[in-house]
Amino acid sequence: MTVPVNAAEAVFDGGPSFDGGPSDVATRLDGLKQAVEASRGRIDDEILAPAEMLSSRAAERLTLSGEHTIVALAGATGSGKSSLFNSLTDLELAGVGVRRPTTSWALACAWGPDGANGLLEWMGIPARHQVSRMSMLDHSSEDTKLDGLVLLDLPDHDSTEVSHHLEMDRLIKYADLLVWVLDPQKYADAAIHDRYIRPMAGYSDVTLVVLNQIDRIPFEQRERALADVRRILAEEGLPDVPVIGVSATRGDGVDDLKRELATRIRAKASAKDRLASDIAAAADVMAQVGGTADAPGISPVDRQALDDALVECAGVPQFVAAISASSERRAALRTGWPITRWLGSVAQVVARRSRARR
Ligand SMILES: Nc1nc2c(ncn2[C@@H]2O[C@H](COP(=O)(O)OP(=O)(O)O)[C@@H](O)[C@H]2O)c(=O)[nH]1
Ligand SMILES: [Mg+2]
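All of the points below concern the structure found in this document. (Residues numbered from 1 in each chain as written. Chains lettered and ligands numbered in written order. Predicted model: local features only at pLDDT ≥ 70, side-chain atom pairs only at ≥ 80, totals over all residues. Heavy atoms only, no water.)

1. So, the overall build of the protein chain
Thought 1: A count of helices and strands for the protein chain gives 14 helices and seven strands.
Thought 2: Out of the 358 residues in the protein chain, the part that is buried amounts to 53%.
Thought 3: Counted over contacts in the protein chain with a minimum sequence separation of 6, partners at least 24 positions apart contribute 78%.
Thought 4: Carbon and sulfur atoms make up 52% of the accessible area of the protein chain, which amounts to about 16,700 Å² in all. (Helix = DSSP H or I, 4+ residues; strand = E, 2+ residues; numbered from the N terminus. Buried < 20%, exposed > 50% of the residue type's maximum accessible area, 1.4 Å probe, protein only. Contact = heavy atoms within 4.5 Å. Areas by Shrake-Rupley, 256 points an atom, 1.4 Å probe, with all protein chains shown as cover.)

See the structure below:
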């Protein structure tokens with residue numbers, strides 16, 4: 001199968017903003033598109049639709065600014081997202097607490113360089129919900145400078161207004177890096193863990209956790225509280241996610257958070273890492289599809305196309321892990337529907353290739 005050097009280039013006239021070698025996310029994205037095509041009529045359209053939507057969103061992201069990192073502050077009502085937004089922007093515009101108790105829309109702030117407008121438009125954030133920030137206000141030291149950041153203050157995930165969490169769910173799909181803002185009262189609340197953090201364990205490379213309002217915890221108990229948050233995250237499959245204690249209103253830990261953000265922004269890897277996780281998740285969903293229904297006959301050409309496409313879209317290690325973790329799929333190797341059997345054999349091909357590379 002021939003794969004364009006950069007698949008995004010093949011789709012959009014503007015050309016890609018991201019560089020990449022042969023194992024680049026654009027190549028994997030091309031693999032995903034081809035896997036969707038190869039599976040059409042054989043895997044349910046409902047299962048293929050999210051993978052198709054991901055294909056277009058990812059291809060679009062790759063044509064937009066690679067110089068910017070979209071960071072979303074997400075969390076419960078009152079955790080301190082807006083206060084943190086204020087603190088990071090050095091502005092008093094996010095409408096904290098009682099002045100803006102609920103927010104149905106996201107507020108965005110972009111730090112230079114120019115070129116974030118395309119991203120903001122792509123996310124559907126109108127100009128009136130954008131805060132402009134003069135770089136002359138920036139007194140940050142080199143290691144905390146946030147040039148290239150597009151920061152979003154998201155609506156609360158636990159709002160009683162359906163439109164608020166729909167907007168939040170919509171926007172977390174666009175973020176390159178997710179910052180979950182927890183607070184000492186509610187950090188273990190099941191809602192955020194069950195609905196978002198645990199299902200997004202595959203996104204740990206592009207996840208940070210802030211324990212805000214750290215000033216409300218007696219000094220000698222802070223480390224223990226942070227350790228408890230880390231324990232919960234480890235149990236959820238995110239053992240390596242940085243957890244930063246912060247007081248948005250008093251400023252404690254804000255520089256630590258800025259330093260972490262600045263490092264991610266400078267590395268310019270979050271957008272691609274996020275898309276890679278999205279593609280791995282989509283490949284995993286497709287790989288889990290099985291069942292006993294009859295499938296139409298498969299030609300060797302179809303079989304080869306699907307094998308090759310899945311090898312590429314899944315990324316070697318994630319796919320091997322995804323396949324080998326599932327006993328259902330191992331069983332399907334022996335008895336299952338043809339697609340499932342190929343997926344198993346694809347995993348074996350991938351594993352062989354992976355071992356050969358090592
Ligand atoms: N003591 C303390 N209060 C905070 C902190 N961050 C936010 N608050 C307060 O918590 C309330 C809710 O904050 P807000 O930023 O609106 O939370 P949001 O709903 O997540 O946007 C406000 O009264 C803030 O002043 C913090 O770090 N320490
Ligand atoms: Mg708020």
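2. With respect to helix H9 (residues 254-267)
Thought 1: The terminal C-alpha atoms of H9, which comprises 14 residues, lie 20 Å apart, in line with the 20 Å expected from a rise of 1.5 Å per residue.
Thought 2: At the exit of H9 stands Lys268, carrying a positive phi of roughly 50 degrees. (Expected span 1.5 Å × (residues − 1).)

3. With respect to the pairing of strand S5 (residues 177-182)
One face of the sheet, then the other: side chains in a regular strand alternate in exactly this way.
Thought 1: Most of S5 is tucked away: six of the six residues are buried.
Thought 2: Direction of pairing for S5 relative to strand S6 (residues 207-211): parallel, over a ladder of five bridges. Along S6, the bridge assignment pairs Leu182 with Leu211.
Thought 3: Read from S5 through helix H7 (residues 190-197) to S6, the crossover connection turns out right-handed. (Pairing = 2+ DSSP bridges. Right-handed = clockwise from strand over helix to strand, strands pointing away.)

4. Comments concerning the packing of aromatic side chains
Thought 1: Under the definition given, this model contains two aromatic pairs.
Thought 2: Here the aromatic rings of Trp122 and Tyr174 are separated by 4.6 Å at their centres, their planes lie at 85 degrees, and the arrangement is edge-to-face. In this pair, Trp122 sits in helix H5 (residues 117-122) while Tyr174 sits in the loop between helix H6 (162-172) and S5, placing the two residues 52 residues apart along the sequence.
Thought 3: The exposure class assigned to Tyr174 is buried, which follows from its relative accessible area of 16%.
Thought 4: Aromatic side chains Trp180 and Tyr196 sit 5.5 Å apart centroid to centroid with 40 degrees between the ring planes, which places their arrangement in the tilted category. Placement of Trp180 in strand S5 and of Tyr196 in helix H7 is noted, with a sequence separation of 16 residues between them.
Thought 5: Note on Trp180: relative accessible area 1%, which makes it buried. (Phe/Tyr/Trp six-rings, centres within 6.5 Å; stacked < 30°, edge-to-face > 60°.)

5. A look at the pattern of salt bridges
When the charged atoms of two side chains lie near each other, side chains of opposite charge can form a pair.
Thought 1: Scanning the entire structure with this criterion turns up 19 salt bridges.
Thought 2: A salt bridge links Glu52 to Arg40; its shortest N-O distance comes to 2.9 Å. With Glu52 in helix H3 (residues 45-63) and Arg40 in the loop between helix H2 (25-39) and H3, the pair connects residues that are twelve residues apart, well separated along the chain.
Thought 3: When its relative accessible area of 34% is taken as the criterion, Arg40 is described as partly exposed.
Thought 4: The closest approach of N and O atoms between Arg259 and Asp256, which form a salt bridge, is 3.1 Å. Taken together, the residues span about one helical turn, with Arg259 and Asp256 both in helix H9 at a distance of three residues.
Thought 5: Asp256 sits in the partly exposed class, given a relative accessible area of 41%.
Thought 6: Through salt bridges that share partners, Glu37, Arg40 and Glu52 make up one connected network. (Salt bridge = Lys/Arg side-chain N within 4 Å of Asp/Glu carboxyl O.)

Such coordinate-based values are descriptive only and should not be taken to indicate function.
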